[in-house]
Structure formats: C-alpha cells, structure tokens
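Notes for the structure review
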Amino acid sequence: MKKNLFYLLILMVLAAVAYFAFKKDEPLFARDDANFKIENTSDITKIFLSDPGVGNIKLTKNSDGVWIVNDKYRARQDWVVFLLEGMAQQNATQMVPKSAHNTTVKALAGNSVKVEVFQGDKKTHAYFVAKDPSRDNLTVMLNIKEDGTNAPRPFLVSCGHGGTFLGVRYRTDIEDWRDKRIFLFASDELSTIEIEYPKKPEASFTINMQPKPAVLPSLDTGTVNELRLKKYLSFYDKLFCMGFENDYILKDTFVRAFEPFAKVKVTASDGESHSLSTYYRQVNKTTHNVITVNGKQYDGDSFFGLYDNEDFMLISSLTAQKILRERQEFFTAEKTVTPAN
C-alpha cells in the first residue's frame, strides 16, 4: 500500500511539472488587459513611439531589413535590437494595486510613452509605458484595447525573470535613435573622395576609385604608397560622430561667421554623395587638449562638423585625423627600420 502511494505521489509531481512546462508561456491575464509581450518580433515592420513632451519616433523596416527613423535617417540598429529584445521579454506580473490605481493612471497621463506596433499594415499592440521605474525596478504599463480604449487597470511588467526597467528602451529623442555613422557607404561602394583645405590648397586631393584607386593630382616626387592608401580607404567603413549638436543655439551664427578649415565630399558608385565641412571648436570647459592655429587657441579634443549643410555634429580628434590627411602623405614611402648590428 505504501509502495502504491509512493508511485502515486511521483505521478502527481510529474503531472504538475508537465502542466506548468506546457502552461508557462501562456499569459496570466486576458489579451485586452495586458497585451504587452510580442512573440514574433521579427515580423514587426513599424513602431511608433510618442511622447508629447519630447518627440515622436517612427521606426520603419525597409525592404533590406534596415530600420529607418522618421522616414529620413538610418536608425541605430543596436538600439532597435535593444527595443525588440525588451518587447519579446516584457511580461505582466500583476495589476497595480487598487490603492495606487488613481495615482498611477494620473502619472501615466503626464509621464509616459505611447507605443504602437505594426506587423505589415495591421496594428498588433498598443500600450503606454511609464518613463520612471516602479517598485523593484518594474515597469508600469497600460494596455490600449483593439477598440482604442484604455484597459481598466495598469500592470507591473517585468523584463524576462528579472527586475530590469523597460522604460529606457522606449526613448523618443531623435538624436538617440539616429545612426552616428558618417558617410553611410562601405569602402567598396566608393567612387570618389574629395578633400579640400581652403587655406592650404596644395594639401587638397581627390581619390578616384576607378579603374583602380588613384590620388589626384599626383606628385612628381614618387608613386602612390598603396599600403597607406588602402588603409586610408578602410577608415570609411567605420567613421562615427560623437553626437549631433542640432540644438546648439548658435549653430547658424557659427556657420555664417566661420570658414571650415576642411571640406570633404564622398560620392558612391551609384551617384549618391554626402559632404562634411569641419570647423575648429572654441576652447570650453570640457577641453583637455588645446591646439594653437595661426596664433589662436582651439579645442584639440573635438571639432564641429556640418554634414550635408544640415546636421551639426561633434567629431572626435581621432576621427578627424583618420579623414583629414594631406596629399603628400600618399606619396611618401614607409620608413624602413635598419636592424641593429
């Protein structure tokens, strides 16, 4: 008898394990109340993020699988992945207690991001996400039902099995979402690179990629250093700005008042081109390295750049050094090191 009871207990345990194994991925709450988790994020084609106090973001996946922000700029693909990973793991754990309901809803009304998710032309999910974490670093979310009305109760939502706040993934500042790459061409897509130094024309040059990379005008003092040219071209695969400065209040005044010390124009094989004008930046409180040019002191850590006569950006000294080489450098042989006897 005891033996049979033992086997019965084992069967009950196995049955319970099997039940929860098959039920663990099923939602705890009705879809209309808590439709937050998105199973197949690879099917998402469009995402709207709206925060009246900051801005509106539209993320669209194009036919090449590349995400575009606000129909204009290439999005930071790593940020999109970060957002999609959160969408796939966000699970409603419990309703916000009734005692906190009114306070929570009021907070959401003034401090949240409205999210709308599309798969093809169909809106599959819509909800509000609180911008500040709740207790245990959980995220408050309020579902928007298919008829456009709000669900009756907000929920506390976890990311996977941990208390990771999800609100940081739902940013609505355009500068956070824009790809910071400069010249969105791979080196094998380039047709010409033009570098102009208005105050030093003898250092200016053009690189023509066809039929083979050549630096023009050439120098009579030697042939092109092929190794150096190849390394220079490879830099164009991964050039990034430090950030965009379009909110800089003196942007337009600065561009009118100062002449760029270097101008870059890059053209791809399909004819698309982009330009970058580079300016010295005044010494400021973040300056560590000061450079002197024609008797004037400037920030040696970074430079201002005007991209396509539209975007004002900050460029690191290291990035500027990669791009802004002088013509004679490509006709200089590598130094040879003589072994010591």
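Notes on the structure in this doc start here. (Residues numbered from 1 in each chain as written. Predicted model: local features only at pLDDT ≥ 70, side-chain atom pairs only at ≥ 80, totals over all residues. Heavy atoms only, no water.)

The next point concerns the environment of Ala214. Tracing the backbone through its elements, the reader meets Ala214 in strand S12 (residues 214-216). Considering only alpha carbons, one finds Ala214 and Leu229, 15 residues apart in sequence, at a separation of 8.6 Å. Beyond its immediate chain neighbours, meaning those up to four positions away, Ala214 contacts Thr206, Ile207 and Asn208. (Helix = DSSP H or I, 4+ residues; strand = E, 2+ residues; numbered from the N terminus. Contact = heavy atoms within 4.5 Å.)

This part is about the side chain of Ser204. You can see Ser204 is positioned in the loop between strand S10 (190-196) and strand S11 (205-208). Of the residues examined, Ser204 reaches a relative accessible area of 15% and is grouped as buried. In contact with Ser204, other than residues within four places in its own chain, are Ile195, Glu196, Tyr197, Pro217 and Arg327. (Buried < 20%, exposed > 50% of the residue type's maximum accessible area, 1.4 Å probe, protein only.)

We now examine the sheet that holds S12. Ordered in space as S12-S11-S10-S14-S15-S18-S19-S13, the 8 strands form an open sheet in which the pairing is antiparallel. In this open sheet, the two edge strands, each paired with only one partner strand, are S12 and strand S13 (243-244). Relative to strand S14 (residues 262-268), S10 runs antiparallel, the two sharing 6 bridges. By the bridge assignment, Leu190 is partnered in S14 with Ala268. Contacting S10, S11 and S12, helix H5 (residues 226-234) runs over the sheet at an angle of about 85° to S11. (Pairing = 2+ DSSP bridges. Axes fitted to C-alpha atoms, helices over the stretch in contact; angles between N-to-C directions.)

Turning next to helix H2 (residues 77-89). Every α-helix carries 3.6 residues per turn, so stepping three or four residues along brings you back to the same face. Between its first and last C-alpha atoms H2 spans 19 Å; for 13 residues at 1.5 Å apiece the expected length is 18 Å, and the two agree. What H2 keeps buried is the set Trp79, Val80, Leu83, Leu84, Gly86 and Met87. Buried residues of H2, viewed axially, fall in a sector of 155°; they line one side. (Expected span 1.5 Å × (residues − 1). Arc of directions from axis to C-beta.)

The subject of this paragraph is the packing of aromatic side chains. Within this structure, the stated rule accounts for 24 aromatic pairs. Ring geometry for Tyr127 and Tyr170: centres 6.1 Å apart, planes at 85°, overall edge-to-face. Highlighted residues: Tyr127 in strand S7 (residues 122-130) and Tyr170 in the loop between strand S9 (155-159) and helix H4 (174-177), separated in sequence by 43 residues. According to the relative accessible area criterion, Tyr127 is buried, its value standing at 0%. With relative accessibility at 2%, the residue Tyr170 sits in the buried group. On the numbers, 4.8 Å between centres and 25° between planes, the contact of Tyr280 with Tyr298 is stacked. Of this pair, Tyr280 sits in the loop between strand S15 (273-279) and strand S16 (290-293) while Tyr298 sits in strand S17 (residues 296-299), placing them 18 residues apart in sequence. What links up through ring pairs into an aromatic cluster is the set Phe183, Phe205, Tyr232, Tyr236, Tyr307 and Phe330. Across the ring face of Tyr73, the terminal group of Arg178 is positioned such that the distance to the ring centre comes to 3.6 Å. Across the ring face of Phe244, the terminal group of Arg178 is positioned such that the distance to the ring centre comes to 3.9 Å. (Phe/Tyr/Trp six-rings, centres within 6.5 Å; stacked < 30°, edge-to-face > 60°. Lys NZ or Arg CZ within 6 Å of the ring centre and 35° of its normal.)

Now for unusual backbone geometry. The step from Gln210 to Pro211 runs through a cis peptide bond, and the omega angle for that step is 0°. Relative to the assigned elements, Pro211 resides in the loop between S11 and S12. The peptide bond linking Leu216 to Pro217 adopts the cis configuration, its omega dihedral lying at -10°. With respect to the helices, strands and loops of the structure, Pro217 is situated in the loop between S12 and H5. Backbone geometry places Asp136, a non-glycine residue, at a positive phi of 60°. Checked against the element boundaries, Asp136 lands in the loop between S7 and strand S8 (139-143). Residue Asp136 is classed as exposed on the basis of its relative accessible area of 59%. The residue Phe183 is not glycine, and still its phi comes out positive at about 60°. One can find Phe183 in the loop between H4 and S10.

Among the 6 residues of strand S18 (residues 302-307), 6 are classified as buried, and the element is accordingly described as predominantly covered. A two-sided burial pattern is seen for S18, the buried positions comprising Ser302, Phe304 and Leu306 on one face and Phe303, Gly305 and Tyr307 on the other. As judged from the 6 bridges shared by S18 and strand S19 (residues 311-316), these two strands associate in the antiparallel manner. Opposite Ser302, over in S19, you have Ser316 as the bridge partner. Where S18 hands over to S19, the hairpin turn is made up of 3 residues, of which Asp308 adopts a positive phi near 55°.

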